[in-house]
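Coordinate inspection notes
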Amino acid sequence: MTGTGGPRAAFRKASGPRAASRKASDPRAAFREASGPRAASRKASDPRAAFREASGPRARRLGLALIVAALLAGCATGTTEADPGAPDASSASTGSVATPDPSRTPDGRTPDGTLLVADFGSDTVTFVDPGRDGSGEGGAPIASVKVGTAPYGLVVGEDGRAWVATAEGVAVVDTERRTRLALIPYATESGPVATGEYRGGGMGIALAPDGSRVYVGVNVPGEDGAVEVIDTATREVTGTAPVGMRPFDVDVSPDGREVYATDHDSFDVTAVDADTLKTRRMEVAPYGTEGGLGSWLKPHYAVVRPADGRLLLPFEGERLAVLDPRTGKVTIERMTANTHQHGAALAPDGTLLVVGTGPIGSDDEEPSLTVRAPDGTERVVPLEGPHEDVAVSADGRTAYVTGGFTRDGYWNGITVVDLDDEKSEPVRLTAGNRPLGIAVL
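1. Some remarks on the overall build of the chain
The helix and strand inventory of the chain stands at five helices and 28 strands. Sorting the 441 residues of the chain into buried and exposed places 58% on the buried side. Surface exposure of the chain reaches about 17700 Å², of which carbon and sulfur atoms provide 49%.

2. A look at the sheet that holds strand β18 (residues 319–324)
The strand order β16-β17-β18-β19 describes an open sheet built from four strands, whose pairing is antiparallel. The sheet terminates laterally at β16 (303–304) and β19 (329–334), the two strands that pair on one side only. Direction of pairing for β18 relative to β19: antiparallel, over a ladder of six bridges. Its bridge partner lying in β19, D324 is registered against K329.

3. Here we look at unusual backbone geometry
Even without a glycine there, the phi angle at A150 is positive, about 45°. Within the secondary structure, A150 is located in the loop between β3 (140–146) and β4 (154–156). Of note, the phi angle at F267 is positive, near 55°, even though the residue is not glycine. Mapped onto the elements of the fold, F267 is located in the loop between β13 (258–263) and β14 (268–273). F267 sits in the buried class, given a relative accessible area of 3%.

4. Some thoughts on the packing of aromatic side chains
With the rule as written, the count across this model stands at three aromatic pairs. Where Y152 meets F248, the ring centres are 6.0 Å apart and the plane angle is 80°; that geometry is what we call edge-to-face. Here Y152, found in the loop between β3 and β4, pairs with F248, found in strand β12 (residues 247–252); they are 96 residues apart in sequence, far enough to count as distant. Neither residue differs from the other here; Y152 and F248 are each classed as buried. Seen in terms of ring centroids, F248 and Y301 are 5.6 Å apart; in terms of plane orientation they differ by 80°. Their pairing is edge-to-face. Here Y301 lies in the loop between β15 (279–283) and β16 and F248 lies in strand β12, a separation of 53 residues in the sequence. Comparing F248 with Y301 shows no difference in burial state: the two are buried. Through successive ring pairs, a cluster of aromatic residues spans F120, Y152, F248 and Y301.

5. Quick word on the pattern of salt bridges
Within the structure shown, the criterion is met by 21 salt bridges. Here E333 ties to R372 by a salt bridge, and the two come within 2.8 Å at their closest N and O atoms. Pair noted here: E333 is in strand β19 and R372 is in strand β22 (residues 368–372), with a separation of 39 residues, a long-range link. A relative accessible area of 31% places E333 in the partly exposed class. By relative accessible area, R372 is classed as buried at 6%.

6. Examining the confidence of the model for the chain
Looking at the chain, the pLDDT average stands at 83 and 78% of residues meet or exceed 70. Note on residues 1–7: pLDDT is under 50 here. Beyond four places in sequence and across chains, it has 27 contacts. Overall, residues 76–93 carries pLDDT values under 50, and its contacts beyond four positions in sequence, including any with other chains, amount to 40 contacts.

7. Remarks on the nonpolar core
Across soluble globular proteins, nonpolar side chains show a tendency to be buried alongside one another. Y260, V269, V284, L311, L313, F315 and L323 are the most contacted members of the largest nonpolar core, which totals 16 residues. Contributing elements (two or more residues each) for this core: β14, β17 (311–315) and β18. Top contributing element to this core by residue count: β17, with three residues. Leaving out residues up to four positions away in the same chain, L313 has contacts with T262, V269, V284, P299, Y301, A302, R319, L320, A321 and L323.

8. A look at the side chain of T415
Mapped onto the secondary structure, T415 falls in strand β26 (residues 413–418). Residue classification places T415 among the buried residues on the basis of a relative accessible area of 2%. A distance of 2.7 Å separates polar atoms of two side chains, one belonging to T415 and the other to H387. T415 has contacts with L383, H387, A399, Y400, V401, P426, V427 and R428, leaving out every residue within four places of it along the chain.

9. A word on the sheet that holds β22
Taking strand neighbours across the sheet as the criterion, the four strands line up as β20-β21-β22-β23 in an open arrangement whose pairing is antiparallel. Pairing within the sheet leaves two strands with one partner each, and these edge strands are β20 (340–346) and β23 (378–382). Averaged over all neighbouring strand pairs, the angle between strand axes comes to 20°, with direction disregarded. Taken together, the five bridges between β20 and strand β21 (residues 352–358) define a ladder with antiparallel strand orientation. Among the inter-strand pairings, H340 is bridged to a residue of β21, identified as G358.

10. Topic: the side chain of T126
One can find T126 in strand β2 (residues 124–129). For T126, a relative accessible area of 1% puts it in the buried group. One polar contact links T126 to D119, side chain to side chain, over a distance of 2.6 Å. Not counting chain neighbours up to four residues away, the residues in contact with T126 comprise L115, L116, V117, D119, P141, A143, S144 and G432.

11. Considerations on the environment of I332
Looking at where I332 falls in the secondary structure, it is placed in strand β19. Excluding its chain neighbours within four sequence positions, the residues that come into contact with I332 are P286, R319, L320 and A321.

12. Points about the environment of T279
Position of T279 among the secondary structure elements: in strand β15. Sequence separation between T279 and Y260 is 19 residues, and the spatial gap between their C-alpha atoms is 9.5 Å. When sequence neighbours within four positions are dropped, the list of residues in contact with T279 reads A241, P242, T270, A271 and V272.

Reading guide: rules and limits
- Within any chain, residue numbers begin from 1 and follow the written order of that chain's sequence.
- Two thresholds apply to this predicted model, a pLDDT of at least 70 for residue-level local features and 80 or more for giving and counting side-chain atom pairs, whereas whole-chain, interface and lining totals are computed over all residues.
- Each side-chain value is derived from all of the structure's non-hydrogen atoms; neither hydrogens nor water enter the calculation.
- The helix and strand labels rest on DSSP assignments: H or I over at least four residues marks a helix, E over at least two residues marks a strand, and numbering proceeds from the N terminus.
- Each residue gets one of three labels from its accessible area relative to the maximum for its type: buried under 20%, exposed over 50%, partly exposed in between, using a 1.4 Å probe on protein chains only.
- Methods summary: accessible areas were calculated by the Shrake-Rupley approach with a probe of 1.4 Å, and residue burial reflects only the protein chains presented.
- Note on pairing: DSSP must find at least two bridges between two strands before they are called paired.
- Stacked, edge-to-face and tilted are the three classes for Phe, Tyr and Trp ring pairs, Trp counted by its six-membered ring, which pair at centre distances within 6.5 Å; planes under 30 degrees apart are stacked, over 60 edge-to-face, the rest tilted.
- One side-chain nitrogen of Lys or Arg within 4 Å of one carboxyl oxygen of Asp or Glu is enough to make a salt bridge.
- As a per-residue measure, pLDDT tells how confident the predictor is, with possible values from 0 to 100.
- Here a residue-residue contact requires only that any non-hydrogen atoms of the pair lie within 4.5 Å.
- Here, nonpolar core refers to any group of buried Ala, Val, Leu, Ile, Met, Phe, Trp, Tyr and Cys residues whose side-chain atoms link them within 4.5 Å.
- Counted as a polar contact is a pair of N or O atoms within 3.5 Å, where, for protein atoms, one must be capable of donating a hydrogen and the other of accepting one, and residues adjacent in sequence contribute only when both atoms are in side chains.
- Here an angle of 0 to 180 degrees is reported between the N-to-C directions of two axes, which are lines fitted to C-alpha atoms, with helices fitted over the stretch in contact.

Have a look at this one:
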C-alpha cells in the first residue's frame, strides 16, 4: 500500500512530461503555480480571486462570508457536497439511516463499551451496541438523542457526560440515561444555523484533564474562528480566544496548560494559554500554503503525544508533521498510505491511528486506516468507502472508524478494525446518520 506516485508526487518531481500531465488533472498542481501569466488568468475566472482583490478588508470579509458555503463545498474547489439526507453515487454504499431498535435499548445505565457518534446528517447523537466483544458482529444502534443541528465533534468525561459541538451550541448529554441536559449557546457570532461542511458553529472539542472545562472550536464562515471555554459546573461560556480559520480539531496538552486548535483553512495550529487565553499561531504546512482556501493540503486532525507533548498531524498518507508547541518547530516523518487523511487517535500503547478518506488524484490509494507503531512502522488496512474519524477501545485492541466524512461520498455506519489480528477483515456496522465524531463509553 505504499504510494510512490499520486498528485503529491509533483512536489518531488517538479518538471518533465509526467509532471505536466499531472498538472492538467490534479487541481493541487495549479495551486503550486501561484504567480505568472497562468495565475493572472485564473484571477479572471476565479470568483474568490475577485474577492481577494476587492477594495477594503471589510468587503472581502463580507463577500467571503456570503459565498464561502456555495463556493467551497469540499476540501478543494470544484467539488459539491452531498445532501446529508440523500445517497451519493460516489460512495461505496450510503445505505439508509439506521433507526435504533427499541427492543435493544438497555434499561437504566448505558453499558460500558457502547459507542456514541455525532450524526452530522441530522440533529442527533446515536448510541451504538458494538456487538459481540466489541467486534461489530451483531451490533446495531440502540438509541438516539436530539442535541442540535449538524453535530460535529464530541467528547465524554469520566462523569459520563458528553459534550457535543453542534451548529447551535454545545449540547450536554447524560450518556448513562441517554438524555440531553442542556444546550449552551456560543458567545461567538457564527451566522445563521446551517448544515454542511462549511456551516458555522462548533467543530473540534476537548475536555481539560481535570474535567473542569470544555474547549470548543467555533467556525465563523469566511473568517477566523474562536476557541470558547465552558465551565463544566456552571455550563456557561467563561472565555473566548481567537484562532485560525475552521478549527477542525481541538486538543489539550497533558498538563492542561495549553489548548490547541487545528486551523484547517489557515494552515496552522493555534496554541491557547488555558489561564490567560493568550494565543500563538504556528504554521503547519509541509506542502506549502499555495491554493489557500481551495487547497487540499491542509491540516485536519491532530493528537497530542503524552510522552513529550508534541502534536502529530498526518498529511496525505505521505507525511506526518510533528509539531513542538514550545518552539513552533515542525519536523516531518514519512508515512506510507498515499491517500487523503482526516481523523486521528492514539491507542493506549502509543500506536497512532489515522483515517485515509480516499483518493484525490488518479495515482492515490483508496480509503484506509493507518496503524502506526511508536517506532514508525506502519500497517495500512484497506477500508470500503470514505471515512472521517476514529476512536479506539479502552484495551487498545479495536478501532472504530466513522463513515460520515465531511465531504460527499459518506455512508451511514462504522467500520470496526481488529488491531491485534492482521488477518481479520474489517466489519461494517450500520450506525447513525453521516456519523463524524465518535467516542467509546
